[in-house]
Amino acid sequence: MTTYLPPVEDFQFILHDVLKLTESGLPGHDELDADFTAAILEAAGKISGEILAPLNAVGDREGCHLENGQVRTPKGFDKAFAAMKEGGWTALDCAPEYGGQGLPYIMGLAAGEMFVANNMAFNMYQGLTHGAYSAIAAHGTEDQKNTYLAKLASCDWTGTMNLTEAHAGTDLGLLRTKAEPQDDGSYLITGQKIFISAGDHDLAENIIHLVLAKAPGGGEGTRGISLFIVPKFLVNADGSLGERNAVSVGNIEEKMGIHGNATCVMNYDGAKGWLLGDLHKGMRAMFTMMNEARMGVGLQGYALAAGAYQKGLAYAKDRLQGRAVTGTENPSGPADPLIVHPDIRRSLMEQKSFVEGARALAAWGAHLIDRSHLADDQDAEGMISLLTPVIKGFLTDKGFDATVQAQQIFGGHGYIEETGISQYVRDARIAMIYEGANGVQALDLVGRKLASDGGKHVMAFFEMVKSFIKENEGDATLKADFLEPLKAASKDLQSAAMYFMQTGMKAPNAALAGSYDFMHLFGHVALGLMWSRMAATAQAKLAAGSDNPAFYETKLATGRFYMQRQLPVTATHLARIITGETSVMALDADRF
């Protein structure tokens with residue numbers, strides 16, 4: 001079994017050397033010194049490696065089972081969940097007044113990567129609960145906050161997000177679930193929801209469902225949708241649990257992956273619920289949860305890639321196969337290890353450079369969220385709004401690709417279940433689909449986010465890249481290896497954006513036909529910016545006489561690989577975009 005190596009040193013580099021958290025001026029960040037964050041990261045890595053990792057295959061093999069209306073989770077999940085609760089991990093960045101530890105979101109993200117890397121299905125129980133917590137914290141009444149938030153923070157109660165219906169999918173305007181108002185201010189919720197992650201289980205005393213439904217007078221489409229709090233067990237005035245609500249599990253979905261998480265069909269048969277937020281404004285409240293979930297899914301994409309990379313790397317160092325073309329490197333053995341072969345090195349470098357760049361991008365995104373929430377920074381809010389579909393879509397697409405590359409290193413042994421690497425591939429696949437399929441993320445990016453606030457935020461991103469290049473162009477090595485490739489890629493992104501601006505109104509299909517390429521183009525430029533920032537920091541550390549030069553030299557070498565071998569694909573994405581919609585839309589539907 002591969003021993004998990006938590007990326008503590010890499011996170012410390014990002015948090016303190018690149019983002020400089022203690023110098024950010026944000027409330028509480030001055031207390032996040034290196035010793036404090038290292039202790040949190042090391043503890044998260046320990047619980048992930050020792051408690052969650054051994055349960056990953058267990059959850060995959062056993063799955064969840066429905067017994068007499070109650071979902072049973074895999075063996076050992078209950079004890080692991082209790083350990084997560086006892087350690088305060090479920091409430092790491094929740095408010096102290098509700099029992100949380102009050103740390104910034106970025107620390108929750110860092111710990112979350114380690115949990116997902118070893119057991120994504122398990123982590124979803126607490127991850128979705130955090131989203132419900134955030135939605136109620138942002139839109140709930142004081143009574144609702146006092147009733148639910150402390151219990152959700154501790155995960156004594158867990159939460160879900162109920163959007164999807166069988167006939168509607170992404171088109172939420174078609175949903176049929178109804179909410180009938182009652183004299184006591186509650187509503188009776190009737191309808192069926194599908195694909196509800198953690199919809200039922202035996203890990204918590206109560207489950208708090210956030211359900212989209214249509215109340216009378218709301219009109220057609222999404223304008224008529226409201227959001228409701230619908231607990232599995234009704235909550236008495238004193239906070240104790242009352243009778244079972246009229247919500248039940250119709251079925252557990254048979255899935256390709258994440259078997260350890262119960263994906264349920266939920267039936268609401270006149271279940272009692274309470275309005276969350278404003279009537280007929282449910283999408284606004286739900287998007288608080290969805291945007292957080294999309295960040296979390298982006299994390300899932302690269303975190304699974306990180307876990308798979310560690311397994312592939314260990315196998316490449318251990319498995320003896322063939323001889324190096326330049327001469328024997330393991331003369332005492334019958335063959336050389338796989339890692340001597342250039343194509344294996346290429347694969348590992350593609351995985352490593354993606355994972356480390358994605359980690360930096362996700363951390364920067366989390367830092368923008370902290371700036372938005374803690375300092376009411378509207379520019380940060382606009383930037384993370386722009387980047388969210390990129391983080392969700394690009395990191396999950398490339399993360400899945402990376403898990404496949406890790407599996408490929410195992411050869412035939414990667415295709416059998418004994419090695420465990422195939423689970424990473426199967427689990428990673430869902431991240432490209434749920435919380436808005438990646439094609440929808442691309443449409444959101446091009447159709448909404450680019451033009452948001454008159455294009456202010458994408459222009460700010462371009463200016464950020466331009467300013468970084470100008471500030472560092474005096475360094476000849478950095479300029480040749482990082483800044484020139486970044487400048488070329490950024491020009492490709494700007495050209496694509498300009499194409500959309502010029503053609504989008506008169507030929508919308510032209511813009512939408514290129515949206516997926518644009519999402520990936522943007523993702524590569526974002527990672528190129530992250531690698532350039534990390535390279536500048538690493539060079540400064542080496543110049544100052546670091547006592548750990550190997551780390552920074554490795555960082556620079558990995559970054560050069562990304563800039564030379566990965567970033568140039570932006571030109572291909574641009575070439576596809578500017579062909580417009582003609583070839584994409586050429587065939588009539590009956591000619592496919």
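Residues numbered from 1 in each chain as written. Predicted model: local features only at pLDDT ≥ 70, side-chain atom pairs only at ≥ 80, totals over all residues. Heavy atoms only, no water.

Novice: What am I meant to see in the side chain of Ser 490 here?
Specialist: Examined against the element boundaries, Ser 490 turns out to sit in helix 12 (residues 476–503). By relative accessible area, Ser 490 is classed as buried at 4%. Setting aside residues up to four positions removed in sequence, Ser 490 forms contacts with Phe 462, Val 465 and Val 525. (Helix = DSSP H or I, 4+ residues; strand = E, 2+ residues; numbered from the N terminus. Buried < 20%, exposed > 50% of the residue type's maximum accessible area, 1.4 Å probe, protein only. Contact = heavy atoms within 4.5 Å.)

Novice: Help me out: how do you make sense of the side chain of Ser 186 in this one?
Specialist: With respect to the element layout, Ser 186 can be found in the loop between strand 4 (178–181) and strand 5 (187–197). Reaching out from Ser 186, the side chain makes a polar contact with the side chain of Asp 184 at a distance of 2.6 Å. Non-local contacts of Ser 186, meaning those with residues more than four positions away in its chain, are made with Glu 180, Pro 181, Lys 272, Gly 273 and Trp 274. (Polar contact = N/O pair within 3.5 Å; in protein donor to acceptor, adjacent residues only side chain to side chain.)

Novice: Honestly, the pairing of strand 5 in this entry has me stumped. Any pointers?
Specialist: Each regular strand displays side chains that alternate between the two surfaces of the sheet. The pairing of strand 4 with strand 5 spans four bridges and is antiparallel. If you follow Ala 179 over to strand 5, its bridge partner there is Ile 189. Hairpin connection from strand 4 to strand 5: five residues lie between these consecutive antiparallel strands, with Gly 185 at a positive phi of about 95 degrees. Inspection of the sheet shows strand 5 paired to strand 11 (residues 263–276) by nine bridges, in the antiparallel sense. Bridge pairing in strand 11 places Gly 191 opposite Tyr 268. (Pairing = 2+ DSSP bridges.)

Novice: Help me understand the packing of helix 6 (residues 282–318) against helix 7 (residues 342–375) in this model?
Specialist: Helices that pack against each other are described as a pair by the angle of their axes relative to one another and the distance between those axes. Viewed as axis vectors pointing N to C, helix 6 and helix 7 meet at an angle of 150 degrees, and their least axial separation amounts to 9 Å. It follows from the interaxial angle that helix 6 and helix 7 lie roughly antiparallel. Crossing geometry of helix 6 relative to helix 7 is assigned as left-handed. Residues Met 295, Tyr 302, Ala 305, Ala 306, Tyr 309, Gly 312, Leu 313 and Ala 316 of helix 6 form the contact with helix 7, whose participating residues are Ile 344, Leu 348, Gln 351, Lys 352, Phe 354, Val 355, Ala 358, Arg 359, Ala 362, Gly 365, Ala 366 and Ile 369. Of the residues in the contact of helix 6 with helix 7, the class split is 15 nonpolar, three polar and two charged. (Axes fitted to C-alpha atoms, helices over the stretch in contact; angles between N-to-C directions. Parallel < 35°, antiparallel > 145°, perpendicular 65-115°, else oblique. Left-handed = near helix turned anticlockwise from the far one by under 90°. Nonpolar A, V, L, I, M, F, W, Y, C, P; charged D, E, K, R; others polar.)

Treat this as a map of the structure, not an account of what it does.
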